[in-house]
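Results of the structural survey
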Amino acid sequence: MKFLDLHAQYKSIQKEIDKAIADVIHSTSFILGKQVEDLENQIADYIGVKYAVGLNSGSDALTASLIALGIGKGDEVIIPAFTYIATAETVSIAGANVVFVDIDAETYNINPEKLTTAITQNTKAIIPVHLYGKPAAMSQIMSIAKQYDLLVIEDLAQAIGAEYNGQKVGSFGDISCLSFFPTKNLGAYGDGGMLVTNKKEVVDFIRQWRIHGQSKKYYSNFIGVSSRLDTLQAAILLAKLPHLDSWIEVRRNLAQIYSDQLADIPIQVPTSSSNEKHVFHQYTIRIPNKRDEVRQILKKKDIPTMVYYPDPLHTQKAYSKFTKTNDSFIESEKASNEVLSLPIYPELASSDQKMVIDSITQILT
Ligand SMILES: *Cc1c(COP(=O)(O)O)cnc(C)c1O
């Protein structure tokens, strides 16, 4: 059994993908070809914002967002302590200070109540992460941001298509950042990322930033970088985008089956409220005390699982000198010790899912 089977997905849309790739190769328009702009327009429409800019990676989208919003030295940016390292790292790369806030035990997303206590006069922005594809508490976060005059950058890397109060996440903040890393719900065949926004000035800046600060070839207006979404990747993503909603539906159905079948086992299954649409980038259960033991037994049965993430960010070596010792990240630490992600992807065979369910049931009852 595979934790994720990207080959199975390719096989299901092979014709479309092969044609998309061949078209780019024949056109030889490898850098910022027409497909990049087409994808930018389609993703902006899909999320319900005005603009999108394709970049090299989701991490670059985060860095670009911070720079475009003028966030840097002396500024503080609030992020959850339990997320992928890129969320923190890009804040540091932009020159600002990371301020970690603990997560909520049920949602795994930033705890809005604890968020307020982390705000200082240097706080400039909040980066909520929609972890595992579950929307963060956007109404609370947006009202806190409004009250304290803070910018909001949504880390949408795991949650394209997710909704909160009937609105797509990614359309709440000032800027939102997507990753097309191959394993994401909308994944390229290599690295790729994008940011979406309604702010014209941000888009004007980043369209230059990604080509060395140039608005005209060989004339740089400011120091930029080299960070474009490849035309090849854009073409692949254009072929995949029409399938995204149906893939999300399959993920949600698989999640429902897991949650129904595992309901009587002493584990915590993902919670979901009626005002949100979770896109289940991961289906993550929580096993107090014996997560690692269960994981080992599953491994022996050839059932792959993953731990996202084994260490919260405030305990990472990279952030050792940034840690405020008096802060409490108890829920982030607990989650790191207890979470276990099960195989979930549109092509997952129901016989495989049944095997996962039966094995967990057997181990824990
Ligand atoms: C994948 C991911 C990123 C970074 O995306 P890359 O395209 O790999 O740079 C950022 N934040 C979160 C939460 C992610 O899962």
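Our subject is the structure listed above.
The structure displayed is predicted, hence computed values, not measured ones.

If you tally the helices and strands in the protein chain, you get 13 helices and 14 strands. Relative to a compact globule of 365 residues, whose C-alpha radius of gyration would be 21 Å, the protein chain shows 21 Å and is just as compact. Reported as C-alpha extents along the three principal axes, the dimensions of the protein chain are approximately 65 × 55 × 35 Å. A burial count over the protein chain gives 54% of its 365 residues as buried. Sequence separation of 24 or more characterises 71% of the internal contacts of the protein chain that already satisfy a separation of 6 or more. Total accessible area computed for the protein chain in this model is approximately 16,000 Å², and 50% of it derives from carbon and sulfur atoms.

Around the ligand lies a shell of 15 residues, among which Gly58, Ser59, Asp155, Ser179 and Lys184 are the nearest. Here an oxygen atom of the ligand sits 2.5 Å away from a polar atom, N or O, in the side chain of serine 59. With respect to the ligand, the side chain of glutamine 158 contributes an N or O atom lying 2.8 Å from an oxygen atom. Protein burial of the ligand: of its 380 Å² of free accessible surface, 92% is covered by the chains. Here the ligand is seated within the largest pocket. Elements supplying a minimum of two residues to the shell around the ligand: α4 (58–68) and α5 (85–93). Taken together, the residues that form the shell around the ligand break down as 5 nonpolar, 8 polar and 2 charged.

In this section: the packing of helix α11 (residues 291–300) against helix α13 (residues 350–364). Each packed pair of helices is defined by two parameters, the angle between the axes and the distance between the axes. Taken N-terminus to C-terminus, the directions of α11 and α13 make an angle of 130°; their axes are 11 Å apart at the nearest point. Considering their axes alone, α11 and α13 lie oblique with respect to each other. Crossing angle aside, the handedness with which α11 passes α13 is right-handed. Here Val294, Ile297 and Leu298 of α11 lie close against α13, whose contacting residues are Ser359, Ile360, Ile363 and Leu364. Along the lines of polarity and charge, the residues of the contact of α11 with α13 split into 6 nonpolar, 1 polar and no charged.

About the cut-offs
- Residues numbered from 1 in each chain as written.
- Predicted model: local features only at pLDDT ≥ 70, side-chain atom pairs only at ≥ 80, totals over all residues.
- Heavy atoms only, no water.
- Helix = DSSP H or I, 4+ residues; strand = E, 2+ residues; numbered from the N terminus.
- Rg over C-alpha atoms; globule rule 2.2 N^0.38 Å.
- Buried < 20%, exposed > 50% of the residue type's maximum accessible area, 1.4 Å probe, protein only.
- Contact = heavy atoms within 4.5 Å.
- Areas by Shrake-Rupley, 256 points an atom, 1.4 Å probe, with all protein chains shown as cover.
- Near = heavy atom within 4 Å.
- Polar contact = N/O pair within 3.5 Å; in protein donor to acceptor, adjacent residues only side chain to side chain.
- 1 Å grid on protein atoms, 1.4 Å probe; cavity = no way out; pocket = protein on both sides within 12 Å on 5 of 7 lines; lining within 4 Å.
- Sits in = over half its atoms within 2 Å of the grid points.
- Nonpolar A, V, L, I, M, F, W, Y, C, P; charged D, E, K, R; others polar.
- Axes fitted to C-alpha atoms, helices over the stretch in contact; angles between N-to-C directions.
- Parallel < 35°, antiparallel > 145°, perpendicular 65-115°, else oblique.
- Left-handed = near helix turned anticlockwise from the far one by under 90°.

Note that all results are geometric; they support no functional claim without further evidence.
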